[in-house]
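Structure at a glance
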Amino acid sequence: MVCNTAPRVWAAGQMSCQVINPTLQALFAGRSTLNIERTLDPNLSPAPGKTSFGASGSVFAQLFYDGVEQFYCQANSCVQNFQNNTNWKCQNLQCTCRPGTTFCGGIPASNLTGAINTLAGTLEIDCGAVDPSSGTATCYFVQSTLQSLFGSSGLGLDGCSFGECVRQSVIDTGGGSSTGSEETTESSTLSGGVIAGLVVVGVIVLLALSLLAFGFWRQRAARRNGYHDIGKARVAVSWSNLSYTVPSGSKRSALALFRNRKKDGSGASEDKAILDNITGTVRAGQMMAILGPSGAGKTTLVEILAGKSKIGVTAGSVTFPLQSSEGRTSPRIGFVPQQDILPATLTVFETLLFAARLRLPENVPDTEKHQRVLDLLQKLGIDHIKDTRIGDVTGGKARGISGGEMRRVTIGLELISEPDVLLLDEPTSGLDSVSAARIANVLHAIAHDPVNPVPVIASIHQPSSLLYQKFDLILLLSHGRALYSGPGGFEPVHHFKRTGDGTVPEYQEGYNVAEYLLDVASDPPVSLFPMGEHTSSTIAVATSATEKVPGGDPHASHVHESLGDREKQGANENGTMVSEVTAKPQTNSVYATTFLTQLQYLCGREWKTLKRDKTLFLTHVLTSAVLGVFCGGLYFNTGITISGFQSRVGCLFFLGALIAFSSLSALYNMVEIRPLFLRERSSSYYSPTAWLLSRFFFDMIPLRLIPTIIVSTITYWMAGLAPDAARFFKFLFILILYSLGMTLFNFLLGTLFQNGGIAILLSALSALYQMTFAGFFVNLSNIPPVLRWLQWICPLKYTLEALSVNEVGSGLMIEDTLQGVPVSVSAALIMQLLFGFGLNNYYRDVLVLFGFIAGFGVGVIGVVWFMDGFSGTTTMIDTEQERMDPEGAAAAEVAETQVDRLSEVPLEIFCEARF
């Protein structure tokens, strides 16, 4: 017979422990003793019924206070495991209070009957090794309710002594069959939701890797095709009966897409006619200048010819007759906008090379692209500044090249793809006469190239006499209608002298013809507007600047040949058949390069920008370091009292709020870079997805990830948070996820709203909303039901909850004194009581944050692809009141007054003319 005094049980053993807890002792100052009988296999006991009393695998416990039993507990289905410690794990715990005892109603103010009788579920008794000096060990009575009160270890038991009578043969044979072995290890399982989330994340990673591999394959296949000259086609531009109207009350709102046209009381439409029955033709080798006062419709006409998407109603047709196609079925159309939108940190050569690498086919060797850029620089006359940075004309960054040089770079961005048609919106506006003349010489050389002539159409606001003489053809607009369309030079003067004798001012010799035409168009008499059923055919279609009417006056101003007559002929001067290609809203719907190539060069440009303009990156890093020291000093070595725990959560909340507000810079970057994206997107440089990925990588890593790591690391260790490497990395992981989500959220606002002020306001308000419903300022359980649902769409709530759960999961205990009563409870209980956070919600919160990231990411891609305001095409109503000079507003009012005055002319005079 052997007397076993170790924690391990061979058959059936008893243990007796002292319950010493400051909180319980403050309530019950007497001596509390817990006696526990553990029965593994009663049949192995020397005298069943005397040396053992319970069934196999059972536990029976009694708590005595000053020698009086207070309550008892029992559990079954117990399994003993032992390795370093001896652990008993049992199921079906039931506890019963002895009514009238001290714990159970004897003292009404401290009645624990309700709490004790509800103890249920799983019970664990975990005991360490016996101290040889005292012959006792420390054990823990572990149950979920007790864990929430006293920490993850449960109720501590001190001075535990053990006793068991057992035969030596039982010890030699290993004891009861249900006893665990030395190799038995504790296992843990993941919940179904966490497993499902990990599967989803794994599938996403696998899909990303598959797409990357597919991208590599496509890129290599495209480059193996071999180099073929892309060739050029001789193309003419023809437009017939072209009209454009917009709802007057919603010119600047994309909501006009969804509004019905309104009628006034008389039934007249409120729609504004920006263009009305415009007809014309420009052949390869010709330059046309579109003249007219502000508000005449010049920009609108050019953009419609370029295929830009408009929110108004466009009528008529635009065709591109191919005079020589070289096997091509659709023309390449180059459009140069009025503004010079260029990357400020790149050099002139790098800017043009970037365009060449993305706009020329993938199979064109990079050396060939370099050579084309060098040739183009020489052709534009800017080869001497090829290594000069472009700079910023707004004053936000360092100045670089001049305005005229910027304009030539912008034209070069379109010429690099060798367009068949070149359209320009006021290419000389804002330039001095010398710079304007250089631009005109470049355009003249492009149009009259002896090998590859190109039709060039440009809207000109106020040309000089020298600039005016460069154009072969003139189209004069007034109030959206054509006053003249034909050869340039002095032909318009002769035309108005014949048709407007006595109604228009007489031309003074030596006066700038362009100025004279603008004077005529600014306040034209009604007689100059074509009338009758064949309005579109009475305005001449321009042919060659040297072409004359057979048998007519050599000074005839234009050839009366309608577009319909020319289409009926179906042949050009050489007798070859002419094919027509109808213009589409987006002229370049297929990208010249693969997705991976686009991402490669976009990332390369972002990297150069980051290296050359380090101000934002350094500001983020310096600010994060300073705020890290400030926050760490504010919460330095936070204590483990109740107020100290509240400070810990306050520290975590501060970090989340800091990330929410610092991510506003992502919104500013998006608003700042959007004009460049719109221009490049409209020219089919790259897909929106490639651009978003490059922006995300070079915004997230240097401006979000690195600063977050800096501020979090400094604050974490200075504040004295859980001193565990695993807890620190889980803490850092949550903050990075939140920063990722907030970056994408601000990307979404930046793409959804064209007005940066609105986007910034909404972002700031959303940060305040998140701070309100995060759970720090108000207990989530106490929010009124009508508003409680808002917490579920608050990313900061899940972030703060995950950070708090990670902190208390380290076994943090609160040691404090309340009104003289010492308190030693688990921080998890305080967290639940003060903030309403769930103890087991860490992995759920991680998956929810992943959900926010995925949702915001899909939203950004969807907005960029499908929203008109960010689709890469112009959606603003460009009536030229959007882009006019300082005097343009008054001119626009004059134009609108003139339209109203003309609309009052009797119908029999205007016939079918529409205004």
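Small disclaimer: the values here were computed from a predicted structure and weren't measured.

Structural notes on the overall build of the protein chain
If you tally the helices and strands in the protein chain, you get 29 helices and 22 strands. The burial tally for the protein chain puts 50% of its 915 residues in the buried class. Pairs at least 24 apart in sequence give 74% of the contacts found in the protein chain among residues at least 6 apart. Carbon and sulfur atoms make up 59% of the accessible area of the protein chain, which amounts to about 40,500 Å² in all.

Observations concerning the UniProt feature "transmembrane region" (unreviewed entry) in the protein chain
The positions UniProt marks with the feature "transmembrane region" (unreviewed entry) are residues 194–217, 615–635, 647–671, 692–719, 731–753, 760–780, 820–839 and 846–867. Secondary structure within residues 692–719 divides into 100% helix and 0% strand; the distance between the first and last C-alpha atoms comes to 37 Å. Structurally, residues 731–753 comprises 96% helix and 0% strand, and the distance from its first C-alpha atom to its last is 34 Å.

Section: the state of the cysteines
Going through the model one piece at a time under the given rule, you end up with 5 disulfides. Each sulfur of the disulfide joining Cys17 and Cys160 lies 2.0 Å from the other. Taking the sign of the S-S torsion, about 120 degrees here, the bridge from Cys17 to Cys160 comes out right-handed. Note that Cys17 is positioned in strand E2 (residues 12–18) and Cys160 in strand E9 (residues 155–166), a separation of 143 residues in sequence. According to the relative accessible area criterion, Cys17 is buried, its value standing at 0%. Accessibility expressed as a relative area gives 0% for Cys160, which makes it buried. With a sulfur-sulfur separation of 2.1 Å, Cys127 is cross-linked through a disulfide to Cys139. For the disulfide bridge between Cys127 and Cys139, the dihedral angle about the S-S bond is near 115 degrees, and by the sign convention the bridge is right-handed.

Focus: the sheet that holds strand E11 (residues 237–247)
The strand order across the open sheet formed by 3 strands is E12-E11-E14, and the pairing between neighbours is antiparallel. Where the open sheet ends on each side, the last strands, each with one partner, are strand E12 (271–282) and strand E14 (313–319). Averaged over all pairs of adjacent strands, the angle between their axes in this sheet comes to 10 degrees, without regard to strand direction. Judged from the 6 bridges that link them, E11 and E14 form a sheet pairing that is antiparallel. In the sheet register, Ser238 faces E14, and the bridge partner there is Thr319. Across the sheet, helix H7 (residues 298–305) is in contact with E11, E12 and E14; its angle to E11 comes to roughly 120 degrees.

Side note on the packing of aromatic side chains
This structure, assessed with the given rule, holds 32 aromatic pairs. Ring centres of Phe645 and Phe835 lie 6.4 Å apart, and the angle between their planes is 55 degrees; on these two criteria the pair is classed as tilted. With Phe645 in helix H19 (residues 642–662) and Phe835 in helix H26 (residues 827–835), this pair connects stretches of sequence that are 190 residues apart. A ring pair is formed by Phe677 and Tyr686, whose centres lie 6.2 Å apart and whose planes are at 25 degrees; its orientation type is stacked. Note on Tyr686: relative accessible area 0%, which makes it buried.

Here we look at the sheet that holds strand E13 (residues 287–291)
Two strands in a sheet stick together by hydrogen bonds in their backbones, pointing the same way (parallel) or opposite ways (antiparallel). Spatially, 6 strands are ordered E16-E17-E18-E13-E19-E20 in an open sheet, and the strand pairing comes out mixed. Two strands lie at the open edges of the sheet, namely strand E16 (333–336) and strand E20 (481–487), each paired on one side alone. In this sheet, adjacent strand axes meet at a mean angle of 15 degrees when their direction is disregarded. Summarising the sheet, E16 and strand E17 (residues 421–425) pair through 4 bridges and their orientation is parallel. Residue pairing across strands places Gly334 opposite Leu422, the latter belonging to E17. Strands E13, strand E19 (473–478) and E20 of the sheet are contacted by helix H14 (residues 513–522), whose axis makes an angle of about 30 degrees with E19.

Considerations on the nonpolar core
Core analysis: the largest hydrophobic core is formed by 137 residues, its most contacted members being Val348, Leu422, Phe496, Leu517, Phe645 and Phe731. A total of 14 residues in this core trace back to one element, the largest contributor, which is helix H22 (residues 725–752). Each of domain 2 (342–418) and domain 3 (613–867) accounts for three or more of the residues forming this core. Apart from the residues lying within four places of it in its own chain, the contact partners of Phe645 are Gly639, Val808, Leu812, Ile814, Ala827, Ile830, Met831 and Phe835. With 37 residues, the next largest nonpolar core counts Ala75, Leu93, Cys95 and Cys127 among its residues.

Observations concerning the confidence of the model for the protein chain
Detailed reading of the predicted coordinates is not advisable wherever pLDDT is low. In the predicted model, the protein chain carries a mean pLDDT of 79, and 80% of its residues have values of at least 70. Within the protein chain, strand E4 (residues 58–65) carries the highest mean pLDDT (94), whereas helix H29 (residues 907–910) carries the lowest (36). Low pLDDT, under 50, characterises residues 178–189; the stretch is placed with 17 contacts to residues that sit more than four places away or in other chains. Contacts of residues 532–589 to residues separated by more than four positions or lying in other chains number 115 contacts, the stretch itself having pLDDT below 50.

Examining the packing of helix H21 (residues 688–719) against helix H27 (residues 842–866)
Where H21 meets H27, the closest approach of the two axes is 9 Å, and the angle between their N-to-C directions is 135 degrees. By the angle between their directions, the pair H21 and H27 is classed as oblique. Relative to H27, the crossing made by H21 is right-handed. Contacts between H21 and H27 involve Pro688, Thr689 and Leu692 on the former and, on the latter, Val860, Ile861, Val864 and Trp865. When its residues are assigned to classes, the contact of H21 with H27 shows 6 nonpolar, 1 polar and no charged.

Regarding a nonpolar patch on the surface
Residues Phe661, Ile758, Leu761, Leu762, Leu765 and Leu768 make up a contiguous nonpolar surface patch of about 510 Å² in total accessible area. Here the nonpolar patch takes 5 residues from helix H23 (residues 756–772), the largest share from any one element. For Ile758, the location among the structural elements is in helix H23. Take Ile758: its relative accessible area is 39%, and that puts it in the partly exposed class.

Basis of the calculations
- Every chain's residues receive numbers from 1 upward, in the order its sequence appears when written.
- Reporting in this predicted model follows two pLDDT cut-offs: at least 70 for local features of residues, and 80 or more for side-chain atom pairs to be given and counted; totals over whole chains, interfaces and linings ignore these cut-offs and use all residues.
- Excluded from the side-chain calculation are hydrogens and water; included are all heavy atoms of the structure.
- A helix here means a DSSP run of H or I that spans at least four residues, while a strand means a run of E at least two residues long, and both kinds are numbered starting from the N terminus.
- For each residue, the accessible area found with a 1.4 Å probe, counting protein chains only, is set against the maximum for its type, and the residue is called buried under 20%, exposed over 50%, and partly exposed in between.
- By definition in these notes, contact holds between two residues if any of their heavy atoms fall within 4.5 Å.
- Here, Shrake-Rupley sampling with a 1.4 Å probe gives the accessible areas, and only protein chains in the shown set may cover a residue.
- UniProt positions are given in the numbering used here, feature names are shortened, and annotations may be inferred rather than shown by experiment.
- By convention in this document, the label disulfide applies to cysteine sulfur atom pairs within 2.5 Å.
- Pairing between strands is defined by DSSP: at least two bridges between them are needed.
- In this analysis, axes come from line fits to C-alpha atoms, helices being fitted only over the stretch in contact, and the angle between any two N-to-C directions falls in the range 0 to 180 degrees.
- Stacked, edge-to-face and tilted labels apply to pairs of Phe, Tyr and Trp rings (six-membered ring for Trp) whose centres lie within 6.5 Å, assigned for plane angles under 30 degrees, over 60, and everything in between, in that order.
- Put simply, buried Ala, Val, Leu, Ile, Met, Phe, Trp, Tyr and Cys residues joined by side-chain atoms within 4.5 Å make one nonpolar core.
- Here the limits of each domain have been adopted from an automatic or database domain assignment.
- Note on scores: pLDDT gives the predictor's confidence for each residue, bounded by 0 and 100.
- An angle counts as roughly parallel when it lies under 35 degrees, as roughly antiparallel when it exceeds 145, as roughly perpendicular when it falls between 65 and 115, and as oblique in every other case.
- By the definition used in this description, the sense in which the near helix is turned from the far one sets the handedness, with an anticlockwise turn below a right angle giving left-handed and a clockwise turn giving right-handed.
- Side-chain classes are defined by residue name, with Ala, Val, Leu, Ile, Met, Phe, Trp, Tyr, Cys and Pro counting as nonpolar, Asp, Glu, Lys and Arg as charged, and the others, Gly among them, as polar.
- Only residues whose relative accessible area exceeds 30% and that take part in no salt bridge are eligible for patches, with like-charged residues grouped when within 9 Å of each other and nonpolar side chains (Val, Leu, Ile, Met, Phe, Trp, Tyr) grouped when within 5 Å.
- Any Lys or Arg side-chain nitrogen found within 4 Å of a carboxyl oxygen on Asp or Glu counts as a salt bridge.

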